[in-house]
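Analysis of the macromolecular model
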Amino acid sequence: MNIQGEVAEGYEAVRDAFVRNFEVLGDRGAAVAVYRDGRRVVDLWGGTHDADGTDPWTAGTAQVVRSATKGVAAVVPLLLHQRGLLDLDAPVGDYWPEFKAGGKEGALVRDLLAHRAGVPALDVPLTPEQAADGLSGARAVAAQRPFWEPGTQHGYHAQTFSWLLSELVLRVTGASLGSWLAQEVTGPRGLDFWIGLPQAVAESGRVGRVGAVEPPQSAGTLRTRPRRNVSEAYADPDSLTRRAFAAITPLADENAPAYRAAELPASAGIGTARALAGLYASLLGDTQDGPRLFTPETTALAGTELSSGPDRVLVVNTRFGPGHMLHSPASPMLSPTSFGHPGRGGSLAFADPESGTAFGYVTNALAPSVTADPRAQSLLRALRTAL
């Protein structure tokens, strides 16, 4: 395997683990980046541009990162809160009156961000076209009766998080979440991450094709599939788990131009590992890409636990802050202070205030993993030896 890029002295174990991901764990094309105290210390890529192709992955190759998008999108409401434009303790209905329908008038902004709003699924799923049209999703979640009293339980809003967060940001700023992110966050820092892929980037050929893969037998005894009770929940068409992930039915083609252009902050972000790590690094302090984004108070807020325990959708114990998933056995990061988000199938990005570290991993080989992909976890084990 021809691995490109570089690692700083002391981080060689991360490169070794990255190579092993291809040799043993079935990676096709991938990249990993790490920042430490604002400086990039790991920047590696290898394999093929497309999961089903032969052209090489390059330094600028970007990929769909699925739910790792949620962590990037969560930066927007936290910045709005930091600027005094969004009150996390206010009812969502203060900003979005239509959302009060069906018994959701008590749902707070912090409930929406922490997967406590009670609307992880829809009685009538949306088609991929409706999901991407910028109108149908917000109308559907506003009209949906909650599956529990908002604020009393939590369950992963796998797809509906797109329309909840998009509409909230639109009501507060008058701009779409993707455009606000590009103007205020990623653009000024030269970070290649988009929620709503610009046509010029799409036409450049930089974005690779993702594809489903099965872990090879060489993966050995590593657990690459969910536990039985989780599998059963995904298999049951009437379970809240299945319904939450099926809020868009049929499944969208993640390689289709229309899907890539859609602003779906729960699932359709596209970017590089370097951009993910660089963004999370900017939440901790100044970086080589620009000044810090979050004040120390907002960084602390991002890692504050708002939801914990049994997750009504994922059927395991999870922890969430205001928008980010937090370190837990179900989604291991570096330390109890870590906040970020995995993407179903492999991708992972987070910040770890305790060590001053930010991490980003992107792959085009989407495995059956949900929150703790063996490839990302192998890289984290190697990274711990360098810290």
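It should be noted that the structure appears before, not after, this text.
Quick look at the structure, then.

What counts and what doesn't
Residues numbered from 1 in each chain as written. Predicted model: local features only at pLDDT ≥ 70, side-chain atom pairs only at ≥ 80, totals over all residues. Heavy atoms only, no water. Axes fitted to C-alpha atoms, helices over the stretch in contact; angles between N-to-C directions. Helix = DSSP H or I, 4+ residues; strand = E, 2+ residues; numbered from the N terminus. Parallel < 35°, antiparallel > 145°, perpendicular 65-115°, else oblique. Left-handed = near helix turned anticlockwise from the far one by under 90°. Contact = heavy atoms within 4.5 Å. Nonpolar A, V, L, I, M, F, W, Y, C, P; charged D, E, K, R; others polar. Buried < 20%, exposed > 50% of the residue type's maximum accessible area, 1.4 Å probe, protein only. Pairing = 2+ DSSP bridges. Expected span 1.5 Å × (residues − 1). Core = buried A, V, L, I, M, F, W, Y, C linked by side-chain atoms within 4.5 Å.

Let's talk about the packing of helix α1 (residues 12-23) against helix α15 (residues 374-386)
- Their axes nearest at 8 Å, the elements α1 and α15 cross at an angle of 165 degrees. Taken as axis vectors, α1 and α15 run roughly antiparallel relative to one another. The two elements α1 and α15 meet at a crossing, and its hand is right-handed. Of α15, the residues touching α1 (which contributes A13, V14, A17, F18, R20 and N21) are R375, S378, L379, A382, L383 and T385.
- Within the contact of α1 with α15, the residues separate by chemical class into seven nonpolar, three polar and two charged.

Here we look at helix α6 (residues 136-143)
- By the criterion of burial, α6 is predominantly enclosed, with six of the eight residues buried.
- Those residues of α6 lying buried are S136, G137, A138, A140, V141 and A142.
- On its buried face, α6 is in contact with α5 (128-131) and α7 (161-173).

Some thoughts on the sheet that holds strand β5 (residues 193-194)
- Sheet architecture is open: three strands sit in the order β4-β7-β5, paired in antiparallel fashion. If you trace the sheet from one side to the other, it starts and ends with β4 (63-64) and β5, each paired once.
- Here β5 pairs with strand β7 (residues 270-271) via two bridges, running antiparallel. Within β7, the residue paired with F193 across the bridge is G271.

Re helix α2 (residues 68-82)
- Along its 15 residues, α2 runs 22 Å from first to last C-alpha, staying within 8% of the 21 Å computed at 1.5 Å per residue.
- Counting buried residues in α2 gives 13 out of 15 residues, a clear majority hidden from the surface.
- Among the residues trailing α2, G84 stands out with phi positive, at a value near 80 degrees.

What about the nonpolar core?
- Formed by 70 residues in total, the largest nonpolar core has its most connected members in W96, W163, L165 and F294.
- Per-element tally for this core: the top contributor is α2, with eight residues.
- With residues near it in sequence (within four places) discarded, W163 still touches W96, L122, L126, A131, G137, A138, V141, A247, I248 and L264.
- Judged by nonpolar contacts, the second largest core, of 42 residues, contains V42, Y156, A244 and M333.

Shape is all these values report; function is a separate question.
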